[in-house]
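Structural features, examined
These are the residues of each chain, in order.
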4 protein chains.
Amino acid sequence: MNVENFGASERLVNAAYVRQGAQGRRAHELCLRVLLEQGKCPENGWDESTIELFLHELAIMDSNNFLSNCGVGEREGRVASGLVARRHYRLIHGIGRSGDISAVQPKAAGSSLLNKLTNSIVLDIIKLAGVRTVTNCFVVPMATGMSLTLCFLTLRHKRPKAKYIIWPRIDQKSCFKSMITAGFEPVVIENVLEGDELRTDVKAVEAKIQDLGAENVLCVHSTTSCFAPRVPDRLEELAVICSNYDIPHIVNNAYGVQSSRCMHLIQQGARVGRIDAFIQSLDKNFMVPVGGAVIAGFNDSFIQDISKMYPAMSLENLDKHSDMAVTQLGSMLFTRQVSGARVVPLGSLQIVNNYTFKGFMSHTNNYPCAYLNAASAVGMKKQDVDLFLKRLDKCMKTFRKEKSNGKDVPEMDNCTKHTSAGETED
Amino acid sequence: MNVENFGASERLVNAAYVRQGAQGRRAHELCLRVLLEQGKCPENGWDESTIELFLHELAIMDSNNFLSNCGVGEREGRVASGLVARRHYRLIHGIGRSGDISAVQPKAAGSSLLNKLTNSIVLDIIKLAGVRTVTNCFVVPMATGMSLTLCFLTLRHKRPKAKYIIWPRIDQKSCFKSMITAGFEPVVIENVLEGDELRTDVKAVEAKIQDLGAENVLCVHSTTSCFAPRVPDRLEELAVICSNYDIPHIVNNAYGVQSSRCMHLIQQGARVGRIDAFIQSLDKNFMVPVGGAVIAGFNDSFIQDISKMYPAMSLENLDKHSDMAVTQLGSMLFTRQVSGARVVPLGSLQIVNNYTFKGFMSHTNNYPCAYLNAASAVGMKKQDVDLFLKRLDKCMKTFRKEKSNGKDVPEMDNCTKHTSAGETED
Amino acid sequence: MNVENFGASERLVNAAYVRQGAQGRRAHELCLRVLLEQGKCPENGWDESTIELFLHELAIMDSNNFLSNCGVGEREGRVASGLVARRHYRLIHGIGRSGDISAVQPKAAGSSLLNKLTNSIVLDIIKLAGVRTVTNCFVVPMATGMSLTLCFLTLRHKRPKAKYIIWPRIDQKSCFKSMITAGFEPVVIENVLEGDELRTDVKAVEAKIQDLGAENVLCVHSTTSCFAPRVPDRLEELAVICSNYDIPHIVNNAYGVQSSRCMHLIQQGARVGRIDAFIQSLDKNFMVPVGGAVIAGFNDSFIQDISKMYPAMSLENLDKHSDMAVTQLGSMLFTRQVSGARVVPLGSLQIVNNYTFKGFMSHTNNYPCAYLNAASAVGMKKQDVDLFLKRLDKCMKTFRKEKSNGKDVPEMDNCTKHTSAGETED
Amino acid sequence: MNVENFGASERLVNAAYVRQGAQGRRAHELCLRVLLEQGKCPENGWDESTIELFLHELAIMDSNNFLSNCGVGEREGRVASGLVARRHYRLIHGIGRSGDISAVQPKAAGSSLLNKLTNSIVLDIIKLAGVRTVTNCFVVPMATGMSLTLCFLTLRHKRPKAKYIIWPRIDQKSCFKSMITAGFEPVVIENVLEGDELRTDVKAVEAKIQDLGAENVLCVHSTTSCFAPRVPDRLEELAVICSNYDIPHIVNNAYGVQSSRCMHLIQQGARVGRIDAFIQSLDKNFMVPVGGAVIAGFNDSFIQDISKMYPAMSLENLDKHSDMAVTQLGSMLFTRQVSGARVVPLGSLQIVNNYTFKGFMSHTNNYPCAYLNAASAVGMKKQDVDLFLKRLDKCMKTFRKEKSNGKDVPEMDNCTKHTSAGETED
């Protein structure tokens, strides 16, 4: 309900009451605004009504909920089941893009905003819980173990020679597997019994590093949260060793956010030594369903590196860096709410993970002409195709007119029509 | 509504009508039964009412929905927000266990059933879509690219020397990143232009394999679904080459399930040559929100290997292999609906990824006594603790009585009490 | 999930876990059973999961949720909007039948059961709240005032000469209007000031009765719950006067269920004198949305009379009292899940409110033949018609066969086909 | 999301995408605006996302959803069960007020708006369906039969002498009962058989009117929608007779909106003769659950009279007609979001249904002082009471200050404190 709508309402219902209603709305909007501006965990939990309103507001910012959208990509947030759409609050696009889980989704401003806010709130909570100097974190739709694996895989690119991970023993399968899955050799450091507590054998860790050679050690992989009689690792001492030997340090903080002791250990470790990332489970700390984790750290660029290692949340690439005329056509379609059409100009250069691709998006170095792709994807309807062709036609006419007026217009006529190989053929 | 309840209903409402109502119920139950027995995609889509009933039925099979459950583990399906619980149909436990995403969850029979059925239905659909000889598949809560990464990581353990992945070029970032993330070096094979189509340069692939040495090649990574002018890879020829050189073959079939052409290519490739796994996106083929993929293949044990590489959906380990008396106590608690209590016997042996752990779960080779762990986790309430202590007390009494009757009972008295390091301290 | 389905599940998931899941289900079923058997307000509030399961169970007992139902009536629980169906838990048929709001709905065993249980629980709560000797009550989808009107209208038939209602003043519009709407003349008795309290002027009430003549007084209409400085009416004294003069007594107990004082007054009034019915609002006592009321009393037949005064929750009439052959056809269709078809035999006699209708349902005393009605109602689909004709055809064939075997079969051929006047014509 | 919030979002997510999201929102808002301005049935059905957004927007305009509301009335939209609140989209206040079902609810601007729009849309549909000259209609939460009863009860006040209702026979119980319930004597006119159709015996109707005397006839009660072989009544002829004899004419159009024939008959009847109101069922015409009806007509004031006959959707009365100082206090509380507090000035005069009440709201003609009422209702919490007292205290202080500045301030100190009789006492 915007100003005009409240105005129109006053013709139906006593203006004083409508105005009080509008005031009621402002209180909810104020909650949103504080969150959007500060990005912090609200002091008082929002009531469900505010939460649902916000989710609804975000959803209608996503292109799949545009009333007049014409989607011709292979991924347009089409959902077969209403039941599925509803339980996702019609936020269908997921998060991230082109293999960067923290990137903004052009088709999904609402989903992107939700993702940014989520990470921002979680960061605030981690600070409040005791790790005051944390600088960056992001939520991943993976379990803790897989998140550890992702950290190890990211480190591999920084330490190509390293094969070993130093791991003070904790009898829990998934964190052990996380090292195996990443392709490294865990070096188990047995704990020492002090009283009835099992504690980190710091000397054995250091001895093993010297033994293996620091450059062959990918990282130290320590643990905070654990079941008695094992107690949290001596994080300060381990962090100092890592700092001294220039070895990365990854902390498994699976269910430690809720424990001021675990969080204090991480804060101290980072203060006196080195901690590269610490990983926590979402379900065990935030009381949500199983299946997510938070990767956090003290160095922005390393945490971003990890987030860029997660491939493929999205296949799409709508980069509009080319200044060629054909990209004008793409822009025209975009502003006319045609989503998913890909304009492929000639000779576009793209660097991915330090590999350079010439003619990127055309799958070859020198394709003979520029062209436009639209996908005949599952869930697309005849009327979608008709609408697309109508809008495309309109754009082409404007184009030709501009050309006859002396503007630079691409030649597309000598290219035959293609359809996507992903089409449904029967 | 079971038989007794329908009977009780007949005292309130005309028996003939109740019986017709019961008959109406049976039609829904029959749908469930056909699904449970055949594990196939229903010929006629279920209506929402049947789907919701089934989800509800599954949810109440999970321990977090047991009306008298006493959960003392760190992960008991506690959910802070009712809104979150509802949108998950109160299925909170996630899937998998101890790093095996396909394993059954002891605490969550309903969630486990849903997982098994999902994989079974998806397998049926893959067959119906054209890959008739597929033998196994599973759904992962990861994007296509990350799923490809998981396949490559699994192959690493089978081919420890291999460093390269042969990849006929397809200009799409995430599948490229999937190789980088896994720590391998992509070897790009440029496509050849035939007419206006870009096709696989099969000869270049074979030449490159010979050049690098087959044993140094982790796999060939081919693609079916793609945008024109690139067409699907020549899968048959690639599969034959892989077979000849004994090289694994992973197919990126991102949005190919909906295309009879792509599916036919995979079926043919597997028939004449070698395909180890093919990966497809859930959203693009099944019209669901972004964020899942299906990993499928023709060899049961390899697909299972991949599923076991996914660490940590779950931290728990309720193995009851020990025959020591202390485990009796664990069983007693389990049957009294105490979930999450861990009995740690002495000297348990566990092999994880070929590493042998002595005294597993006690974090050391020789802990001085057997003991029992309960977690004071976030979300636990005072009444949960009270109920747990009451039930524990009862079990202990029964135990002591049996002891005085000559049975073998563990000595736990000389062990001091521990609390989990994961406890909330303030 | 019935026994067979749990059995089938054990082939997919560890039997021990499935059995625990089945046990979990039984706890919910036990809640249902206790409710169905005792009809009382549960001691511990059900959790949402049990409530939703129960509503779901009830919904699938209604014919509109039968998977293979063929509805040919004008009212078959068809709903245009899924959103509307969901918020009603797919319970669409409403309650009551043929002008009796407490009657069972043949098409809706689940809805009927819910209605019976609701009334039973509310009765239990009224007892617990202090009116221990209440014998009957029912919930009406009307506000308190309209419910009072319904009581007065019912009394009119018992006291045709009476024109006046004696009403100790309470400044609240709707209870005053309730008398006007029912067509009676309120006789306002001013209150007397005792201290700073306004109390019933009992003497003035009795004097007015004598003045008007008891036979001209429809009832005394008293009030319990009210705002200070007015206090609840002197119910005991009023009840004694009503008893002495043989005048009905209706109590407006709008928000009195929550007040032990108001409830005590009603109990005492009924013990020492006469109270015919007491009416309470649902929203103010039970914290539900506005729009419902409870009519309760101490005499079964009077409360039932009121419930039968509420016309038309339902238009349907499936009475199957005739023993003519044509009704056999109706039964055959009914057991084949054809709902809504009306068989109209010759010469059926029906008494409604003491009026006798000959040839009831044929709209005339002597229609020339028996016939069958099906409605071409809004929302009906071509496939519904086809399915109906198919099932009808089958029944007719069976019929003719039985006839040739000597059984009595109706002649329908000489009747032309009719369609309902309610059909959509364009 | 207002302008500020979109602005704040642009700091988190690419401004271009946010702006596109804002544009997406505008399309939904435009739907709302067209509806609010035109009050007509949308040409294209809204999608669920727009409907839910609108319902959500309306809900937060109601005082029970104000984030800082302090409700001290007995009816504040408190709901015990979240499940119930959700299925009502948190619209709890119902509709209407003080016995006028079409009146605006001060506490519920959103609910009131929804009610106005509903009636407006239904009016538009009735016009589109063929009754082009209809001028007014309203939806009632009652079945068709009860709605007919309400019409008859309204007519009673206009024709106090009339006892009979002329009714061409239609064999359907509830419409017959509607007359009995209202306290009238139905005069059944048998139909005549023409061919195989049963049609109105117009001559018999006129003869019966002459026989009984027009002034003794409350109305003619005719029927459009019916099952064959009865056909719709001869509405034109009946309407002419009603006009000639100056007798009201009520039409039972139960499931006739969907039938162009029935609607045409009504339009013609109103054109050539007299039709006062026509009643239709919601479920049979609009495919919604059972339990509502529409009362429509051609004369604004008569239809409004009917709507004012429905007592008591609401008990509240916040009229602020008095200009006494004490009402200033009431206004102060109202603007400070204190709802439900009733200020009772001295000597207020109120006319209800032509009865004049002196000192209205104080339950007596001359209460010694003005006072303020707050209800200690069920569902109220200690913090509500505290907040109320705090805000009241603040208002009182402002008051006293203004007094010392020479303004007129009420004396309340000499009045003792009262609490509502509706309070919970244990």
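Source: prediction; values computed, not measured.

Below, the discussion takes up unusual backbone geometry. Residue and element names in this part refer to chain B. Residue P229 is bonded to the preceding A228 through a cis peptide linkage, with omega at 10 degrees. Mapped onto the secondary structure, P229 falls in the loop between β7 (217-223) and α9 (235-245). Positive phi, close to 60 degrees, is recorded for R90, a residue that is not glycine. For R90, the position within the fold is in the loop between α4 (82-87) and α5 (109-128). Classification of R90 by relative accessible area gives buried; the value is 12%. The phi angle at M287 is positive, at roughly 55 degrees, despite the residue not being glycine. Mapped onto the secondary structure, M287 falls in the loop between α11 (282-286) and β10 (293-297). On the basis of relative accessible area, M287 is assigned to the buried category, the value being 15%.

Taken residue by residue, the interface counts 120 residues in chain C and 120 residues in chain D. Roughly 10,200 Å² is buried in total at the junction of chain C and chain D, and carbon and sulfur atoms are behind 63% of that figure. Among the residues of chain C in contact with chain D, C:F227, C:M287 and C:H363 are the three that bury the most area, contributing 9% of the side total. Our enumeration of links across chain C and chain D arrives at 33 residue pairs in polar contact (both at pLDDT 80 or more).

What follows concerns the pairing of β10(B). All names here are of chain B. Burial within β10 is extensive, with five of its five residues counted as buried. By the alternation rule, side chains of β10 split into A293, I295 and G297 and V294 and A296, which are all buried. As paired elements, strand β2 (residues 136-140) and β10 share five bridges and run antiparallel to each other. Bridge pairing links V140 to A293 in β10. One ladder, built from four bridges, connects strand β9 (residues 277-281) with β10; its direction is antiparallel. In the strand pairing of β10, F278 is matched with A296.

A word on the UniProt feature "modified residue: N6-(pyridoxal phosphate)lysine" (unreviewed entry) in chain A. Residue and element names in this part refer to chain A. The UniProt feature table records "modified residue: N6-(pyridoxal phosphate)lysine" (unreviewed entry) at K284. Here K284 lies in helix α11 (residues 282-286). Note on K284: relative accessible area 4%, which makes it buried. Only 3.1 Å separates the side chain of K284 from the side chain of S281, close enough to count as a polar contact.

Attention now moves to the pattern of salt bridges. Applying the stated rule across the entire model yields 81 salt bridges over all chains. Across the pair C:E194 and C:R234 runs a salt bridge, and its minimum N-O distance is 2.7 Å. On the criterion of sequence distance, the pair formed by C:E194 in strand β5 (residues 192-194) and C:R234 in the loop between β7 (217-223) and α9 (235-245) is long-range, its members being 40 residues apart. Taking relative accessible area as the criterion, C:E194 reaches 35% and is therefore assigned partly exposed. The partner of D:K158 in a salt bridge is D:D305, and the shortest N-O contact between them spans 3.0 Å. A residue pair is termed long-range when its members are at least 10 positions apart, and D:K158 in helix α6 (residues 144-158) and D:D305 in helix α12 (residues 300-309) qualify at 147 residues. Salt bridges sharing partners connect three or more residues here, namely A:R25, A:E29, A:E57, D:R25, D:E29 and D:E57.

This part is about the relation of the copies chain C and chain D. Superposition record for chain C on chain D: RMSD 0.1 Å, screw rotation 180 degrees, translation along axis 0.0 Å. What the rotation and shift describe, once combined, is the action of a two-fold rotation axis. For chain C, the residue whose C-alpha comes nearest the rotation axis is C:R87, separated from it by 2.5 Å. Interface overlap between copies is the fraction of interface residues in one copy that are interface residues in the other; for chain C against chain D it reaches 100%, indicating a shared surface.

So, on to the sheet that holds strand β3 (residues 164-168) of chain C. Residue and element names in this part refer to chain C. Spatially, β2-β10-β9-β8-β7-β3-β4 is the arrangement adopted by the seven strands of the open sheet, whose pairing is mixed. For this open sheet the edge positions go to β2 (136-140) and β4 (185-189), each flanked by a neighbour on one side alone. Here the strands of the sheet are splayed against their neighbours by 20 degrees on average, with no regard to which way each runs. With three bridges joining them, β3 and β7 adopt parallel strand pairing. Paired with I165 across the two strands is C219, which belongs to β7. Its contacts with the sheet put helix α12 (residues 300-309) on β2, β8 (249-252), β9 (277-281) and β10 (293-297), and the angle it makes with β2 is roughly 15 degrees.

A few words on helix α1 (residues 3-10) of chain B. Along α1(B), the positions that sit buried rather than exposed are B:N5, B:F6, B:A8 and B:S9. Looking straight down α1(B), one finds that the buried residues subtend no more than 160 degrees of arc, so they occupy a single side. The elements touched by buried residues of α1(B) are α2 (15-38) of chain B together with α2 (15-38) and α5 (109-128) of chain C.

All names here are of chain C. Examined against the element boundaries, P368 turns out to sit in the loop between β14 (355-358) and β15 (371-373). Classification of P368 by relative accessible area gives exposed; the value is 55%. With 191 residues separating them along the chain, P368 and K177 place their C-alpha atoms 49 Å apart.

A few words on the side chain of D:Q267. Its location among the elements puts D:Q267 in helix α10 (residues 260-272). From its side chain, D:Q267 meets the backbone nitrogen of D:R132 in a polar contact 2.8 Å long.

Below, the discussion takes up the packing of helix α6 (residues 144-158) of chain A against helix α12 (residues 300-309) of chain A. All names here are of chain A. Where α6 contacts α12, the axes come no closer than 9 Å and their chain directions differ by 110 degrees. Classified by the angle their axes make, α6 and α12 are roughly perpendicular. Judged by residue contacts, L150, C151, L153, T154, L155, H157 and K158 of α6 engage F302, D305, I306 and M309 from α12. Looking at side-chain class alone, the contact of α6 with α12 contains seven nonpolar, two polar and two charged residues.

In this section: the side chain of B:R234. Residue B:R234 is classed as buried on the basis of its relative accessible area of 18%. Within the structure, the side chain of B:R234 is placed 2.8 Å from the side chain of B:E194, a separation counted as a polar contact.

It is worth spelling out the UniProt feature "binding site: substrate" (unreviewed entry) in chain A at this point. Mapped onto the present numbering, the UniProt feature "binding site: substrate" (unreviewed entry) falls at A:R97, A:S98 and A:Q105. The residue A:Q105 is located in the loop between α4 (82-87) and α5 (109-128) in this model.

Scanning all chains against the criterion turns up 36 aromatic pairs over all chains. Relative to B:F357, the ring of A:W167 has its centre 6.1 Å away and its plane inclined at 85 degrees; by these criteria the two rings are edge-to-face. Of this pair, A:W167 sits in strand β3 (residues 164-168) while B:F357 sits in strand β14 (residues 355-358), placing the two residues on different chains. Here A:W167 and B:F357 have matching classes, each one buried. For the pair A:F176 and B:F357, a centre-to-centre distance of 5.0 Å together with 85 degrees between the ring planes defines the contact as edge-to-face. With one member in each of two chains, A:F176 in helix α7 (residues 173-181) and B:F357 in strand β14 form a pair that bridges those chains. Given a relative accessible area of 1%, A:F176 falls into the buried group.

About the thresholds
Residues numbered from 1 in each chain as written. Chains lettered and ligands numbered in written order. Predicted model: local features only at pLDDT ≥ 70, side-chain atom pairs only at ≥ 80, totals over all residues. Heavy atoms only, no water. Helix = DSSP H or I, 4+ residues; strand = E, 2+ residues; numbered from the N terminus. Buried < 20%, exposed > 50% of the residue type's maximum accessible area, 1.4 Å probe, protein only. Contact = heavy atoms within 4.5 Å. Buried area = accessible area lost by both parts, 1.4 Å probe. Polar contact = N/O pair within 3.5 Å; in protein donor to acceptor, adjacent residues only side chain to side chain. Pairing = 2+ DSSP bridges. UniProt positions renumbered as here; feature names shortened; annotations may be inferred. Salt bridge = Lys/Arg side-chain N within 4 Å of Asp/Glu carboxyl O. Least-squares fit on C-alpha atoms with pLDDT ≥ 70 in both. Axes fitted to C-alpha atoms, helices over the stretch in contact; angles between N-to-C directions. Arc of directions from axis to C-beta. Parallel < 35°, antiparallel > 145°, perpendicular 65-115°, else oblique. Nonpolar A, V, L, I, M, F, W, Y, C, P; charged D, E, K, R; others polar. Phe/Tyr/Trp six-rings, centres within 6.5 Å; stacked < 30°, edge-to-face > 60°.

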